[in-house]
Amino acid sequence: MKVKIEKRQNETKINPRLHGQFIEFLGNAINDGIWVGKESKIPNINGMRLDVINALKEIEPPIIRWPGGVFADHYNWRDGVGEKREKVFNEGFGTYSVETNEFGTDEFLEFASLIHSEPWINVNLLTGSAREMTEWMEYINRKQSTYLSKKRKDSGHEKPYDVNYWGIGNEVWGGGGMMTPEQYVADYRKYATAAPTFALNQFSEDSRYFILSGADANKPKERRYWTKSVMKELARARPPKVDGYDLHWYNWYLGNEFSASATDFNANDWYQVIKGATELEDILKEQYDLIQDGLDQLPEPEGEFDQKLEKMDLILGEWGNWYGRAFFEEKALYQQNTMRDAITTAIVLDILHSNADKVKMASMAQTINVLNALILTNGEQFVLTPVYDIFKMYKVHRNNDVLDVTITDENSDHVKFFASINDKTIYLNVINFDLTETISVDIDLPGLVLQYQKEELAANDMHETNTFEDPNQLRAAIVEQRNNVSANELFDISIKPMSVSVFKIVLG
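The model shown is predicted, which means the values in this text are computed figures rather than measured ones. (Residues numbered from 1 in each chain as written. Predicted model: local features only at pLDDT ≥ 70, side-chain atom pairs only at ≥ 80, totals over all residues. Heavy atoms only, no water.)

1. Considering the overall build of the protein
Stage number 1. A tally of helices and strands in the protein yields ten helices and 22 strands.
Stage number 2. Expected size for 508 residues packed as a compact globule is a radius of gyration near 23 Å; at 23 Å, the protein falls within 12% of this value.
Stage number 3. With respect to the three principal axes, the spread of C-alpha positions in the protein is 65 × 60 × 45 Å.
Stage number 4. Here the protein, with 508 residues, has 56% of them falling under the buried criterion.
Stage number 5. In the protein, once contacts between residues fewer than 6 apart in sequence are set aside, the share between residues at least 24 apart is 77%.
Stage number 6. Carbon together with sulfur atoms contributes 45% to the accessible area of the protein, which is approximately 21,700 Å² in total.
Stage number 7. Mean positive and mean negative side-chain charge positions of the protein (54 and 78 charges, respectively) differ by 5 Å. (Helix = DSSP H or I, 4+ residues; strand = E, 2+ residues; numbered from the N terminus. Rg over C-alpha atoms; globule rule 2.2 N^0.38 Å. Buried < 20%, exposed > 50% of the residue type's maximum accessible area, 1.4 Å probe, protein only. Contact = heavy atoms within 4.5 Å. Areas by Shrake-Rupley, 256 points an atom, 1.4 Å probe, with all protein chains shown as cover. Lys, Arg positive; Asp, Glu negative; His and termini not counted. Charge placed at Lys NZ, Arg CZ, Asp CG, Glu CD.)

2. Focus: the packing of aromatic side chains
Stage number 1. Using the criterion set out here, one finds 26 aromatic pairs in the structure.
Stage number 2. Centroid distance Phe25 to Phe71: 4.7 Å. Interplanar angle 45 degrees. Geometry classified as tilted. Of this pair, Phe25 sits in the loop between strand E2 (20-22) and strand E3 (44-45) while Phe71 sits in the loop between strand E5 (63-66) and strand E6 (88-90), and the two are 46 residues apart along the sequence.
Stage number 3. A relative accessible area of 5% places Phe71 in the buried class.
Stage number 4. One aromatic cluster in this structure is built from Phe25, Trp35, Trp66, Phe71, Tyr75, Phe103, Phe108, Phe111 and Trp136.
Stage number 5. Taking NZ or CZ as reference, Arg340 lies 3.7 Å from the ring centre of Phe265, over its face. (Phe/Tyr/Trp six-rings, centres within 6.5 Å; stacked < 30°, edge-to-face > 60°. Lys NZ or Arg CZ within 6 Å of the ring centre and 35° of its normal.)

3. Some remarks on the sheet that holds E2
Stage number 1. The eight strands are arranged E2-E5-E8-E9-E10-E11-E12-E13 in a closed barrel whose pairing can be described as parallel. For this sheet the average axis-to-axis angle between neighbouring strands, irrespective of direction, equals 30 degrees.
Stage number 2. Note that strand E11 (residues 244-253) and strand E12 (residues 313-323) share ten bridges and pair parallel. Residue Trp252 lies in a different strand from E12, and its bridge partner there is Trp322. (Pairing = 2+ DSSP bridges. Axes fitted to C-alpha atoms, helices over the stretch in contact; angles between N-to-C directions.)

4. Digging into the domain arrangement of the protein
Stage number 1. For the protein, the domain assignment lists domain 1 (22-398) and domain 2 (405-507).
Stage number 2. With 37 residues of domain 1 at the contact, the number on the domain 2 side is 33 residues.
Stage number 3. Between domain 1 and domain 2 lies a buried interface of about 2,800 Å² when both sides are counted; carbon and sulfur atoms form 69% of it.
Stage number 4. Linking domain 1 with domain 2 are one salt bridge.
Stage number 5. If you look at where domain 1 meets domain 2, you find 14 residue pairs in polar contact (both at pLDDT 80 or more).
Stage number 6. No other element matches helix H9 (residues 339-354), which puts nine residues into the side of domain 1 that touches domain 2.
Stage number 7. For the side of domain 1 that touches domain 2, the residue count by class is 21 nonpolar, 13 polar and three charged. (Domains from an automatic or database assignment. Buried area = accessible area lost by both parts, 1.4 Å probe. Salt bridge = Lys/Arg side-chain N within 4 Å of Asp/Glu carboxyl O. Polar contact = N/O pair within 3.5 Å; in protein donor to acceptor, adjacent residues only side chain to side chain. Nonpolar A, V, L, I, M, F, W, Y, C, P; charged D, E, K, R; others polar.)

5. Looking at H9
Stage number 1. Helix length check: H9 (16 residues) gives 22 Å between terminal C-alpha atoms against 22 Å at 1.5 Å per residue, within 8%.
Stage number 2. Among the 16 residues that make up H9, 15 are buried, leaving the element largely enclosed by the rest of the structure. (Expected span 1.5 Å × (residues − 1).)

6. What about helix H3 (residues 130-141)?
Quick reminder: α-helices carry 3.6 residues per turn. Residues three or four places apart thus point the same way.
Stage number 1. Here H3 is twelve residues long and its end C-alpha atoms lie 16 Å apart, about the 16 Å a rise of 1.5 Å per residue gives.
Stage number 2. Most of H3 sits inside the fold, with eleven of its twelve residues counted as buried.
Stage number 3. Among the residues of H3, those classed as buried are Ala130, Glu132, Met133, Thr134, Glu135, Trp136, Met137, Glu138, Tyr139, Ile140 and Asn141.

7. Some points on the UniProt feature "domain: Alpha-L-arabinofuranosidase C-terminal" (unreviewed entry) in the protein
Stage number 1. Here the UniProt-annotated "domain: Alpha-L-arabinofuranosidase C-terminal" (unreviewed entry) positions come out as residues 317-499.
Stage number 2. End C-alpha to end C-alpha, residues 317-499 measures 27 Å, and it is 14% helix and 45% strand. (UniProt positions renumbered as here; feature names shortened; annotations may be inferred.)

8. Things to note about the nonpolar core
Stage number 1. Formed by 110 residues in total, the largest nonpolar core has its most connected members in Phe103 and Phe111.
Stage number 2. Per element, the largest residue contribution to this core is nine residues, and it comes from H9.
Stage number 3. What Phe103 contacts, discounting residues up to four positions off in sequence, is Ile23, Phe25, Ile30, Ile34, Trp35, Met48, Trp66, Arg85, Phe108 and Phe111. (Core = buried A, V, L, I, M, F, W, Y, C linked by side-chain atoms within 4.5 Å.)

9. What to know about the pattern of salt bridges
Stage number 1. In the structure shown here, the tally under the stated rule is 31 salt bridges.
Stage number 2. When the shortest N-O distance is used, the salt bridge between Lys308 and Glu300 registers 2.6 Å.
Stage number 3. Owing to a relative accessible area of 31%, Lys308 belongs among the partly exposed residues under this scheme.
Stage number 4. Taking the relative accessible area as the measure of exposure, Glu300 reaches 56% and is therefore exposed.
Stage number 5. Between Glu456 and Lys454 there is a salt bridge, with its nearest N and O atoms 3.4 Å apart. The residues Glu456 and Lys454 share a single accessibility class, namely buried.
Stage number 6. Each of Asp206, Arg208, Lys241 and Asp243 takes part in salt bridges that share partners, so that together they form one network.

10. Looking at the pairing of strand E10 (residues 209-216)
Stage number 1. For E10, the buried fraction is high: eight of the eight residues fall into the buried class.
Stage number 2. The pairing of strand E9 (residues 165-168) with E10 spans four bridges and is classified as parallel. Counterpart to Trp166 in the pairing with E10 is Phe210.
Stage number 3. Regarding the hand of the β-α-β motif, the stretch spanning E9, helix H5 (residues 181-194) and E10 is right-handed.
Stage number 4. Alignment of E10 against E11, held across four bridges, turns out to be parallel. What sits directly across from Ile211, in E11, is Gly244. (Right-handed = clockwise from strand over helix to strand, strands pointing away.)

11. Remarks on the environment of Asp413
Stage number 1. When you line up the elements, Asp413 lands in the loop between strand E16 (401-409) and strand E17 (415-422).
Stage number 2. Given a relative accessible area of 67%, Asp413 falls into the exposed group.
Stage number 3. Linking Asp413 and Pro446, residues 33 residues apart in sequence, is a C-alpha distance of 25 Å.

12. A short note on unusual backbone geometry
Stage number 1. Note the cis peptide between Trp66 and Pro67, where omega equals 5 degrees.
Stage number 2. Note that Pro67 resides in the loop between E5 and E6.
Stage number 3. Residue Gly69 is bonded to the preceding Gly68 through a cis peptide linkage, with omega at 15 degrees.
Stage number 4. Locating Gly69 in the fold gives a position in the loop between E5 and E6.
Stage number 5. Phi is positive for Asn101, close to 65 degrees, though the residue is something other than glycine.
Stage number 6. On the secondary structure map, Asn101 appears in the loop between strand E7 (97-99) and helix H2 (105-114).

See below:
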């Protein structure tokens with residue numbers, strides 16, 4: 001197989017925030033997954049697991065979303081601040097347990113800082129109020145001396161946190177309210193307008209980033225109707241501040257009576273799940289076009305102080321593989337991950353990379369112990385899934401320019417490519433999801449190659465994964481390095497079946 005790598009005609013830069021993560025009070029995503037308490041025998045920093053912090057610090061998720069998800073629309077932030085924490089009962093997606101709220105606002109924001117991540121907070125639109133939201137924002141961000149900033153200081157944080165990313169509503173078409181687009185936009189207008197600006201005068205720069213609850217991308221008719229209708233409602237009067245549109249999409253594979261397993265599957269299951277991941281690209285293009293069409297319909301401002309809504313970023317706020325048996329786990333939506341999940345994760349990230357001109361931010365569901373997780377924990381036990389290795393391998397693409405990769409002959413439906421460039425270094429991803437066939441690739445490059453290396457995550461069996469007993473069965477490694485290449489083409493590059501490879505190619 002021959003591929004040609006060239007510069008893209010329209011420059012497209014990869015936003016690092018496409019590599020974001022999501023944590024929610026669901027199952028043991030946070031309790032046990034992150035929070036073990038200050039008195040725990042498990043090594044921790046202020047109650048948060050040190051092994052998890054160190055692992056996430058290595059990949060530095062650019063953004064992390066919290067407290068939900070569904071839980072956000074039942075969450076009162078006051079329950080999770082101060083010395084006395086109020087216990088509540090959590091019914092979210094079968095969690096059905098008492099939530100102690102020991103991991104609250106200050107703990108989350110400290111956690112985000114420890115892993116070098118920017119926080120995205122979802123406010124409670126369903127059971128809360130606009131005042132509850134504004135007081136939460138005041139607690140977090142107010143610099144001036146007020147009773148809420150004093151409350152934050154009394155909790156041990158003198159300076160404001162300067163949180164910029166705010167989600168207003170979550171899945172409002174479903175568990176977030178079963179709303180119509182008209183109902184939601186009316187509520188959104190109120191909340192977005194009520195939010196404090198933290199400005200010192202009317203000309204202060206506004207760094208707040210407000211995220212609107214987008215469509216259920218898994219429902220073709222509904223998602224088109226929802227997006228069209230939301231944009232139409234925004235055009236009915238002066239539009240409020242909107243910066244992002246939060247689309248949710250899961251690669252569902254449920255089986256008869258929710259029987260599909262994350263670890264017990266056959267070759268047909270393997271290819272069906274991978275095919276499901278590839279369908280995301282058309283959805284993103286469709287939703288992007290609907291947003292642009294809607295923006296074109298917005299009224300022109302009539303007054304000097306009226307602002308025109310000229311852009312709205314498409315965001316993939318939740319994504320990942322979801323198998324039927326996860327519904328029946330003792331800890332809600334707990335899911336092991338195999339090489340199949342590593343490959344679909346790589347495919348989704350490459351779709352996001354390729355469409356970085358259309359999609360500006362994403363957060364995978366979820367970081368720990370739930371669905372497409374990077375990390376699994378069980379008490380003192382800890383293991384990195386192969387999905388973690390994909391994010392670690394793909395970190396090199398952040399802030400790079402997208403390149404065009406063209407297959408010039410012998411196209412295969414089971415091989416996918418993506419490439420980006422930073423200065424004179426090209427990073428090329430090759431995904432071979434065939435179960436048996438090794439492929440040979442010739443790579444035509446836009447310059448003289450001085451050196452290259454190949455990092456590879458490969459399985460010998462489609463069911464391979466990492467377990468608490470065998471945590472390193474499936475880990476990425478640098479398997480090949482060559483210096484002094486001095487050629488414009490790399491010949492006979494071997495790509496194993498069931499593998500993801502990242503090449504670092506340095507040009508002269």
